[in-house]
Amino acid sequence: MGRRSSRRKCPTCGEAGAKRNGRTRKGLQRYRCTKCGASFCNTRPDISRKAQLDQFVKWLTGKDAIGDLLVSSSTWQRRTNWCWRVEPVIVPTGQIYDYIQIDGTYLPYGWCLLTAVNSGKVLAWQWCNQENKAAYKQLLKRLPEPLMVITDGQAGALSAIKDQWPNTRVQRCLVHIKRNIRALTTTNPKIPAHKALWGLAKRLVTIKDLNQADQWIGLVQAFHNQWGKWLNHKTYKNQVPQDQIPLWIRPNQQWWYTHQKARRAYNLLAKQTRKATLFTFLDPTLNKQATTTLPATTNELEGAINAAIKTLIYNHRGLSEPHMKKATEWWCYLHSEHPLKPHQLIQPHHLKPDPKPGPEQPKPGPKLWDNAIDYNPKYQDGSLHIRKGWAGH
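Model, not experiment: these values are computed from the prediction.

J.: Quick question: what am I supposed to make of helix 11 (residues 321-334) here?
T.: Quick reminder: α-helices carry 3.6 residues per turn. Residues three or four places apart thus point the same way. If you check helix 11, its first and last C-alpha atoms are 20 Å apart, about what 14 residues at 1.5 Å a residue would give, namely 20 Å. Counting buried positions over the 14 residues of helix 11 gives 10, a clear majority of the element. Burial in helix 11 covers these residues: Met324, Lys325, Lys326, Ala327, Thr328, Glu329, Trp330, Trp331, Cys332 and Tyr333.

Here you go:
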């Protein structure tokens, strides 16, 4: 009985009967058509696409350059051009978290990225031009109300929390409070009151229990008892030479507080103490309901998320605006709670090339500009055209 002929079809001529013809340098089986003589390899586009997207995302979220991929830049761009169309999206799980940290970081092209994080995992992100209430509301409404939210105190974030999560307790980031005090007193203050305020700020970030919190609040009260009258000192405009009046003084303003920076630093500590937002993480009621330790800062978000995103953009500096945003989104998606493998997000429309724009349709109505004179005889009625023969003169 003779050997059965091959039914493998040639991609060039479409005829069956291709036979094996050795292997390529990469080990792939090579075939040769017995009809037209064309040589080809049996490829699986679906498997190739999956491998391409996985390699693309690994490169995009890593620090390797295209030169490290052992392929030319033009070849890499041609193979992975379709990968930019795949959209990574975090699907909300509906889980109620003990705490959520929210913050924004500013990126190139004037964009600001808002992120919500729990235990180092990205829960959601939102693009905006600046941190404001509307942007934070779009971020928060995707997530169920947690027990506690940690924020740096941005006004838009606090307003959005009040609207979207009215029952959630707010914890102000203690490190941001310390930074705000440092900006007013410096790290090496000379004035005794500034030294006392900077000491309170440094001690604030070391508090671990309610006893230490009570002692700290007592120190804030002691500061007010000692320096309260000094903080209320006023400077009158008519007692100051014209060239020494601060630039921020309004024309009709007659006086101002002499020790502006010290007042701002003290008022920051006193206001947050009255609002009970400094030691929410120590509340016994919340800790009984929580299953994890409640943090007092957004360090986890800023150090593990925001800093890593900016490092990613620096490693791939030069990306266009859409590609920069897509790289950031892929990084956030891969650092979410339950990310799928990149190739599992491929949809049929991702593999189709973008449709080319059709020819531009002319606008209806007469032409505003033309480049020729109409030679059609039926329009030879005395209007603008080539006139022949006697024209009545």
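J.: So what exactly am I meant to see when it comes to the sheet that holds strand 2 (residues 29-32) here?
T.: Through backbone hydrogen bonds, the strands of a sheet pair up, either in parallel or in antiparallel fashion. Judged by pairing direction, the sheet is antiparallel, and its 3 strands sit side by side in the order 1-2-3 without closing on themselves. At either margin of the open sheet sits one strand with a lone partner, and together these are strand 1 (19-23) and strand 3 (39-41). Within the sheet, the average angular offset between the axes of one strand and its neighbour, ignoring direction, is 40°.

J.: Quick question: what am I supposed to make of unusual backbone geometry here?
T.: Glycine aside, a negative phi is what most residues show, and trans is what most peptide bonds show. In the Ramachandran plot, Leu70 falls in the positive-phi region, its phi being about 60° despite a non-glycine side chain. Relative to the helices and strands, Leu70 is located in the loop between helix 1 (45-60) and helix 2 (73-80). We classify Leu70 as exposed; its relative accessible area is 82%. Phi is positive for Tyr109, which is not a glycine, with a value near 65°. For Tyr109, the position within the fold is in the loop between strand 4 (99-107) and strand 5 (111-118). Of the residues examined, Tyr109 reaches a relative accessible area of 48% and is grouped as partly exposed.

J.: Whenever I open this one, the packing of helix 3 (residues 133-140) against helix 4 (residues 155-164) confuses me. Can you help?
T.: Each pair of packed helices gets described by two things: the angle between the helix axes and the distance between those axes. For the pair helix 3 and helix 4, the least separation of the axes is 8 Å and the interaxial angle reads 45°. Classified by the angle their axes make, helix 3 and helix 4 are oblique. The interaxial crossing formed by helix 3 with helix 4 has right-handed handedness. Residue-level contacts link Lys133, Tyr136, Lys137 and Leu140 of helix 3 to Gly156, Ala157, Ser159, Ala160, Ile161, Asp163 and Gln164 of helix 4. Broken down by class, the residue content of the contact of helix 3 with helix 4 amounts to 5 nonpolar, 3 polar and 3 charged.

J.: Is there a simple way to explain a positive patch on the surface in this structure?
T.: On the surface, Arg25, Lys26, Arg78 and Arg79 cluster together into a positively charged patch. On the secondary structure map, Arg79 appears in helix 2.

J.: Looking at this structure, I do not really get the nonpolar core. What am I missing?
T.: Looking at soluble globular proteins, one finds that nonpolar side chains tend to be buried together. Trp216, Phe223, Phe279 and Phe281 are the most contacted members of the largest nonpolar core, which totals 36 residues. Put simply, the parts of the chain that give this core at least two residues each are strand 7 (148-151), helix 5 (174-185), helix 6 (192-204), helix 7 (210-231) and helix 8 (260-275). When sequence neighbours within four positions are dropped, the list of residues in contact with Phe279 reads Gln171, Leu204, Ile207, Ala213, Trp216 and Ile217. Core analysis: the next-biggest nonpolar cluster, separate from the first, contains 33 residues, Val117, Trp127, Ile305 and Leu319 among them.

J.: How should I be thinking about the sheet that holds strand 7 in this particular structure?
T.: Taken in spatial order, the 5 strands make up an open sheet running 6-5-4-7-8, and their pairing is mixed. Each edge of the sheet is formed by a strand with only one pairing partner; in this case those strands are strand 6 (121-128) and strand 8 (169-172). Sheet twist, expressed as the average angle between the axes of neighbouring strands with direction ignored, equals 25°. As paired strands, strand 4 and strand 7 are joined by 3 bridges and run parallel to one another.

J.: Would you mind showing me how to read the packing of aromatic side chains here?
T.: Each aromatic ring pair is summarised here by two numbers: the centre-to-centre distance and the angle between the ring planes. Per the counting criterion, the structure on display carries 12 aromatic pairs. Ring geometry for Phe56 and Trp84: centres 4.8 Å apart, planes at 85°, overall edge-to-face. Here Trp84 lies in the loop between helix 2 and strand 4 and Phe56 lies in helix 1, a separation of 28 residues in the sequence. Both residues of the pair, Phe56 and Trp84, belong to the buried class. Through pairs of rings, three or more aromatic residues link up here, namely Phe56, Trp59, Trp76 and Trp84. Across from the ring centre of Trp111, 3.8 Å away, lies the NZ or CZ of Lys325, which sits over that ring.

J.: Looking at this structure, I do not really get helix 4. What am I missing?
T.: Looking at helix 4, one finds that the buried residues are Gly156, Ala157, Ala160 and Ile161. Mapping the buried residues of helix 4 onto a view down its axis gives an arc of 135°, with all of them on the same face. Those residues of helix 4 that are exposed and aimed more than 90 degrees away from the buried face are Ala155 and Lys162. Next to the buried residues of helix 4 lie strand 4, helix 3, strand 7 and strand 8. Its side-chain oxygen 2.7 Å from the backbone nitrogen of Gly156, Gln154 forms the N-cap of helix 4.

J.: What's the story with the pairing of strand 1 in this structure? I'm lost.
T.: Little of strand 1 is tucked away: 0 of the 5 residues are buried. One ladder, built from 3 bridges, connects strand 1 with strand 2; its direction is antiparallel. The partner of Arg20 across the bridge, within strand 2, is Tyr31.

J.: Please explain the pattern of salt bridges as it appears in this structure.
T.: Under the defined criterion, the tally for this structure stands at 4 salt bridges. Measuring nitrogen to oxygen at the nearest pair gives 3.6 Å for the salt bridge that ties Lys326 to Glu87. Within this pair, whereas Lys326 is found in helix 11, its partner Glu87 is found in the loop between helix 2 and strand 4, the two being separated by 239 residues in sequence. By relative accessible area, which is 8% here, Lys326 ends up buried. We classify Glu87 as partly exposed; its relative accessible area is 44%.

The rules behind these values
- Counting restarts for each chain: residues are numbered from 1 in the order of the written sequence.
- Selection of residues for local features in this predicted model requires a pLDDT of at least 70, selection of side-chain atom pairs for listing and counting requires 80 or more, and totals for whole chains, interfaces and linings are taken over all residues.
- Derived side-chain values reflect all non-hydrogen atoms in the structure, with water molecules and hydrogen atoms excluded from consideration.
- Numbering goes from the N terminus for both helices and strands, where a helix is a DSSP run of H or I of at least four residues and a strand is a run of E of at least two.
- A helix's residues, less one, multiplied by 1.5 Å, set its expected span.
- Here the term buried applies to any residue with accessible area under 20% of the maximum for its type, exposed to any over 50%, and partly exposed to those in between, with areas from a 1.4 Å probe on protein chains only.
- At least two bridges found by DSSP between two strands is the condition for calling them paired.
- Note on geometry: axes are lines fitted to C-alpha atoms, helical ones only across the stretch in contact, with angles between N-to-C directions running from 0 to 180 degrees.
- Just so you know how the angles are binned, under 35 degrees is roughly parallel, over 145 roughly antiparallel, 65 to 115 roughly perpendicular, and the rest oblique.
- It is the rotation of the near helix from the far one that decides the hand of a crossing: anticlockwise by less than a right angle makes it left-handed, clockwise makes it right-handed.
- The contact rule is simple, with two residues in contact once any of their heavy atoms fall within 4.5 Å.
- Nonpolar residues are Ala, Val, Leu, Ile, Met, Phe, Trp, Tyr, Cys and Pro. Charged residues are Asp, Glu, Lys and Arg, and all others, Gly as well, are polar.
- Exposure above 30% relative accessible area and no salt bridge define the residues that can form patches, which grow by joining like charges within 9 Å and nonpolar side chains of Val, Leu, Ile, Met, Phe, Trp and Tyr within 5 Å.
- Areas reported as accessible are Shrake-Rupley estimates using a 1.4 Å probe. Residue values count occlusion only from the protein chains shown.
- Any carboxyl oxygen of Asp or Glu within 4 Å of a side-chain nitrogen of Lys or Arg constitutes a salt bridge here.
- Charge assignment in this entry is limited to Lys and Arg as positive and Asp and Glu as negative, and neither His nor the chain termini are counted.
- Think of each charge as sitting on NZ of Lys, CZ of Arg, CG of Asp or CD of Glu.
- Nine residue types can take part in a nonpolar core, namely buried Ala, Val, Leu, Ile, Met, Phe, Trp, Tyr and Cys, and a core is a set of them joined through side-chain atoms within 4.5 Å.
- Here the aromatic set is Phe, Tyr and Trp, taking the six-membered ring for Trp, and pairing holds for ring centres within 6.5 Å; pairs whose planes are under 30 degrees apart are stacked, those over 60 apart are edge-to-face, and all others are tilted.
- Our definition puts a charge over a ring when NZ of Lys or CZ of Arg is within 6 Å of the ring centre and also within 35 degrees of the ring normal.
- It is the directions from the helix axis to the C-beta atoms that the arc portrays.
- Two N or O atoms form a polar contact when they lie within 3.5 Å of each other; inside protein one atom must be a possible hydrogen donor and the other a possible acceptor, and for residues adjacent in sequence the pair counts only when both atoms belong to side chains.

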